[in-house]
Amino acid sequence: MDFVVSFVDAVNNVLWGWLLLFLLCGTGIYYTFRLRFIQVRKFRYAFKRLLGNASLHGESADKTGMSSFQALTTAIAAQVGTGNVAGAATAIAAGGPGAIFWMWLSAFFGMATNYSEAVLALKYKETNEVGETVGGPAYYIRAAFKGVFGKALAVFFCVAIILACGFMGNMVQSNSIGSACEAAFGLNSVHVGIFVAVLAGFIFIGGTQRIARVTEKLVPIMAVLYVLGCLVVICANITAIPEAFKTIFVMAFSPESAGGGALGITIQKAMRFGVARGLFSNEAGMGSTPHAHALAKVKHPDDQGVMAMIAVFIDTFVVLTCTALVIVVTGTWTSGLTGTALAQSAFGTVFGSFGNTFIAICLFFFAFSTIISWYFFGEVNVKALLGTKFVKFYAIIALGFIVLGSSLKVDLVWNISDMFNGLMVLPNLLALLALSGVVVAIAKSKESEK
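Bear in mind that the values here come from a model prediction, so they are computed numbers and not experimental data. Within each chain, residues carry numbers counting from 1 in the order of the written sequence. With the structure being a predicted model, the display of local features is reserved for residues of pLDDT at least 70 and the display and counting of side-chain atom pairs for 80 or more, all residues being used for whole-chain, interface and lining totals. Derived side-chain values reflect all non-hydrogen atoms in the structure, with water molecules and hydrogen atoms excluded from consideration.

Trainee: Just to check I follow, could you spell out the overall build of the chain for this structure?
Mentor: Tallying secondary structure elements over the chain gives 19 helices and two strands in all. Structurally, the chain occupies a C-alpha span of about 55 × 50 × 50 Å along its principal axes. Here's how the labels work: a residue is buried when its accessible area is under 20% of the maximum for its type, exposed when over 50%, partly exposed in between, all with a 1.4 Å probe on protein chains only. Within the chain, buried positions represent 58% of all 450 residues. Within the chain, counting contacts between residues at least 6 apart in sequence, those at least 24 apart form 84% of the total. Areas reported here follow the Shrake-Rupley algorithm with a probe of radius 1.4 Å; residue values treat only the protein chains shown as occluding. Carbon and sulfur atoms provide 68% of the accessible area of the chain, an area that totals close to 17,100 Å². For the purpose of charge, His is not counted, nor are the chain termini; Lys and Arg are scored as positive and Asp and Glu as negative. We put the charge of a Lys on NZ, of an Arg on CZ, of an Asp on CG and of a Glu on CD. Across the chain, the 29 positively charged side chains and the 21 negatively charged ones have centroids separated by 8 Å. Each helix corresponds to a stretch of at least 4 residues labelled H or I by DSSP, and each strand to a stretch of at least 2 residues labelled E; elements are numbered beginning at the N terminus. Contacts are residue-level and defined by heavy atoms, with any inter-residue pair within 4.5 Å sufficient.

Trainee: Is there a simple way to think about unusual backbone geometry in this case?
Mentor: Note on backbone geometry: most residues besides glycine have negative phi, and most peptide bonds are trans. Even without being a glycine, Phe 37 presents a positive backbone phi close to 50 degrees. As for its position among the elements, Phe 37 is in the loop between α1 (2-34) and α2 (38-41). When its relative accessible area of 32% is taken as the criterion, Phe 37 is described as partly exposed. One non-glycine residue, Glu 283, lies in positive phi territory at about 60 degrees. What makes Glu 283 buried here is its relative accessible area of 4%.

Trainee: Which parts of the structure should I look at to understand the packing of helix α12 (residues 267-282) against helix α14 (residues 301-329)?
Mentor: Each pair of packed helices gets described by two things: the angle between the helix axes and the distance between those axes. Between N-to-C directions, angles span 0 to 180 degrees; the directions come from axes that are lines fitted to C-alpha atoms, helices contributing only their stretch in contact. Remark: α12 packs on α14, axes separated minimally by 9 Å, with the N-to-C direction vectors making an angle of 125 degrees. Compared by their axis directions, α12 and α14 come out oblique. Crossing handedness for the pair α12 and α14: right-handed. On the side of α12, the interface is formed by Gly 278, Ser 281 and Asn 282, while α14 contributes Val 312, Asp 315, Thr 316 and Leu 320. All amino acids are sorted into three groups, where Ala, Val, Leu, Ile, Met, Phe, Trp, Tyr, Cys and Pro are nonpolar, Asp, Glu, Lys and Arg are charged, and the leftover types, Gly among them, are polar. Split by residue class, the contact of α12 with α14 holds two nonpolar, four polar and one charged. For classification purposes, angles smaller than 35 degrees are called roughly parallel, those larger than 145 roughly antiparallel, those between 65 and 115 roughly perpendicular, and all remaining angles oblique. Helix crossings are classified by the rotation of the near helix relative to the far one: an anticlockwise turn of less than a right angle makes the crossing left-handed, while a clockwise turn makes it right-handed.

Trainee: Please explain the packing of aromatic side chains as it appears in this structure.
Mentor: Any two aromatic rings considered together are summarised by their centre-to-centre distance and by the angle between their planes. Here a pair means two rings of Phe, Tyr or Trp (six-membered ring of Trp) with centres within 6.5 Å. Their orientation is stacked below 30 degrees between planes, edge-to-face above 60, and tilted elsewhere. Within the structure shown, the criterion is met by 29 aromatic pairs. Ring geometry for Phe 43 against Phe 47: centres 6.2 Å apart, planes inclined by 20 degrees, an arrangement best described as stacked. With Phe 43 and Phe 47 both in helix α3 (residues 43-53) and four residues apart, this pair spans about one turn of that helix. For Phe 43, a relative accessible area of 26% corresponds to the partly exposed category. Placement of a positive charge over a ring is assigned whenever Lys NZ or Arg CZ falls within 6 Å of the ring centre and within 35 degrees of the normal to the ring plane. A cation sits over an aromatic face here: Arg 210 above Phe 202, 4.3 Å from the ring centre.

Trainee: Which parts of the structure should I look at to understand the nonpolar core?
Mentor: Buried together is how nonpolar side chains tend to be arranged in soluble globular proteins. By nonpolar core is meant a set of buried Ala, Val, Leu, Ile, Met, Phe, Trp, Tyr and Cys residues that side-chain atoms within 4.5 Å join together. Ranked by internal contacts, the top residues of the largest apolar core, which has 144 residues, are Tyr 115, Ile 177, Tyr 226 and Phe 347. Per-element accounting of this core gives the leading share, 17 residues, to helix α16 (residues 354-386). Once residues lying within four places of it in the same chain are set aside, the contact partners of Tyr 115 are Leu 35, Ile 38, Asp 302, Gly 305, Val 306, Ala 308, Met 309, Val 439 and Ala 443.

Take a look at the structure:
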């Protein structure tokens, strides 16, 4: 076991130290320039599409796909998770408020990456043996690299995402739910895990159709309620907002001058934790959300590509920023706390004891929505790797991990999940770079229609 721990830590130190931060940000910068700052040029159009397609009772999903909004909410369900609360708090505790600036910067470039992922997922989607529309990195990886090499990369990606999201990732999500409910309500975490597994199983059995119907309702409601809660705390400290933004920008480039030096915070830490947590939260370039966007029923791939950009914006510039501002304006970032405890402390300054309850409720919905989407992403890759007949077997194992994860200390499992998350990024980014010409051509073809 000591060997496993050491090996996983060593791999993660390499992957998440600087390698993936450089590759993910580099890919985002590359696409930003190749697509001529599409996240700026088409932001207004993307927002209009969001408002025009938003619905809690959209068209019913079927084997041939989802509505554009359902695909968007399924993607956001994965992106807006515990990382938007505990992840943001951890980044600020370790890298100071300056980490928020680097979150914003990485998300800005990540919007172009997410656009390219969605466009390629739609371009190379397929119909499987039972008539279902399927798509994602495994399919465009094979298109990018022909022959044995492409097939091997696609298999590697499938295995990595099934383990990272479908199994171990959902294990730690249920652990977050169990821990939060036990701390806030005194509930037995195992009982909570069983409840979550039963509820998730009911949704899984309904297939893509039920997943789409649940996410289109759950995601908008949970996001709005959380943002409103954040705004209450921020407005209660409204006079601290100008100083909070000043602290964010100063500590992004000069932590020592803002008192960060006494806490051991450096520019390197602010950059590393800000970029890492930002990318882990919005998942741009990781190859997860394209599975949802591939099913969108749109006239042109660009139509969903811009929706994918908005998903990153909502995740980072709205939800994650709200968490960060709550922590900074309340001044709790210097408390020495980290993770969920820091977020609870920040909300507690205004909500009192209800702060713990509020965070527990939000974490339940955030983590549960992530479980739904991560299961779905894993299911798509099980179908690509083994065929549809293995889906039920996969679902049973996934539900078992949900129950198991609710009661265990899963530090090692979380680290293993991080490792496979990192490993699945590599083949995805290779394909994105190899197919950049295809993405640019699709973007231009849309613009030529006007």
